[in-house]
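Here is how the chains run, residue by residue.
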Amino acid sequence: MNDMRDVSQRPKKVDLKQLVQFLIEFIKHPVHKISTLPDWNWPSLFVVQVLLAVVSGSLAGLIKLNFYRIASGMILMPIISTIAALLLALFLYYYFQFFENRTEDYRKIFTLVILSSIPFYLFQVLSEYFAPVTLIGFAFTALLAIVGLCENFNVSRKRAYQLIGILVVLVLAAWILNRATA
């Protein structure tokens, strides 16, 4: 059995200025940036994930001027979205294990999930006024995930479309169910 511990010499601290600069460049050139994932350490990944969720959730609450939505955006959104990102990365990790017969770095997969979700977070802010805009953000997220899977993990384009297509159908079904019960 191979020892899969992370023994690289990456620094364990977070350079917030560098992360913000990367995110600004990512927003300017998302397809180019998703094609070559940064080699961030775990603390940096969690800072980016939580930062994106807090900013998105808080801004969405501020747009509605609702204290509970702001608090939810600052507390619940980071927890729920981080768990969802970890689970999606785990799903992709085991996808590679079972269907591609190879092992990929979980941290690299998690990086792809976080970065490809940036359009979702950006569009999520506007969803308070027009709920379907969330689906537009998710569509961009799906396209970035397809590019990231193809470019970083050598997944065939057809297989990437199938894999992400399944996730899109699940998210769409959950969104419709959520709208129907709201």
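Worth saying up front: this structure is predicted, and the values here are computed from it rather than measured.

Draft legend 1. Up close: the overall build of the protein. A tally of regular secondary structure across the protein gives eight helices and zero strands. Going from N to C terminus, the protein has its helices and strands arranged as α-α-α-α-α-α-α-α. Computed over its C-alpha atoms, the radius of gyration of the protein comes to 17 Å, within 12% of the 16 Å expected for a compact globule of 182 residues. Expressed along its principal axes, the backbone C-alpha trace of the protein runs to roughly 50 × 35 × 30 Å. Looking at the 182 residues of the protein, the share that counts as buried comes to 41%. Residue pairs at least 24 apart in sequence account for 68% of intrachain contacts in the protein once pairs closer than 6 positions are excluded. Of the accessible surface of the protein, which amounts to about 10,900 Å², a share of 68% is contributed by carbon and sulfur atoms. Across the protein, the 16 positively charged side chains and the 10 negatively charged ones have centroids separated by 5 Å.

Draft legend 2. Local environment of a nonpolar patch on the surface. Taken together, the side chains of M74, I75, L76, I79, I80, I83, L87, L90, Y94, F98 and F99 present a nonpolar region at the surface, about 1,200 Å² in accessible area. The exposure class of L87 is exposed, given its relative accessible area of 53%.

Draft legend 3. The packing of helix α4 (residues 67-99) against helix α5 (residues 106-116), seen in detail. It is at 9 Å that the axes of α4 and α5 come closest, and there the two elements cross at 125°. Here α4 lies oblique to α5, going by the angle between them. With respect to the hand of their crossing, α4 and α5 are arranged in right-handed fashion. Here A85, L86, L88, A89, L90, L92, Y93 and F96 of α4 come into contact with α5, specifically with Y106, I109, F110 and V113. The class makeup of the residues in the contact of α4 with α5 is 12 nonpolar, no polar and no charged.

Draft legend 4. Looking closely at helix α1 (residues 16-28). With 13 residues, α1 extends 19 Å between its outermost C-alpha atoms, agreeing within 8% with the 18 Å of an ideal straight helix rising 1.5 Å per residue. L19, F22, L23 and F26 are the residues of α1 that are buried. Seen end-on, α1 carries its buried residues on one side only, within an arc spanning 100°. Those residues of α1 that are exposed and aimed more than 90 degrees away from the buried face are K17 and K28. Those residues of α1 that are buried are in contact with α2 (30-35), α3 (42-64), α5, α6 (118-124) and α7 (133-153).

Draft legend 5. Structural detail: the side chain of S127. With respect to the element layout, S127 can be found in the loop between α6 and α7. If we ignore the near neighbours within four places in the chain, the residues touching S127 are V133 and T134.

The rules behind each value
- Residues numbered from 1 in each chain as written.
- Predicted model: local features only at pLDDT ≥ 70, side-chain atom pairs only at ≥ 80, totals over all residues.
- Heavy atoms only, no water.
- Helix = DSSP H or I, 4+ residues; strand = E, 2+ residues; numbered from the N terminus.
- Rg over C-alpha atoms; globule rule 2.2 N^0.38 Å.
- Buried < 20%, exposed > 50% of the residue type's maximum accessible area, 1.4 Å probe, protein only.
- Contact = heavy atoms within 4.5 Å.
- Areas by Shrake-Rupley, 256 points an atom, 1.4 Å probe, with all protein chains shown as cover.
- Lys, Arg positive; Asp, Glu negative; His and termini not counted.
- Charge placed at Lys NZ, Arg CZ, Asp CG, Glu CD.
- Patch = residues over 30% accessible without salt bridge, like charges linked within 9 Å, V, L, I, M, F, W, Y side chains within 5 Å.
- Salt bridge = Lys/Arg side-chain N within 4 Å of Asp/Glu carboxyl O.
- Axes fitted to C-alpha atoms, helices over the stretch in contact; angles between N-to-C directions.
- Parallel < 35°, antiparallel > 145°, perpendicular 65-115°, else oblique.
- Left-handed = near helix turned anticlockwise from the far one by under 90°.
- Nonpolar A, V, L, I, M, F, W, Y, C, P; charged D, E, K, R; others polar.
- Expected span 1.5 Å × (residues − 1).
- Arc of directions from axis to C-beta.

In short, the description is geometric, and any link to function would need to be established separately.
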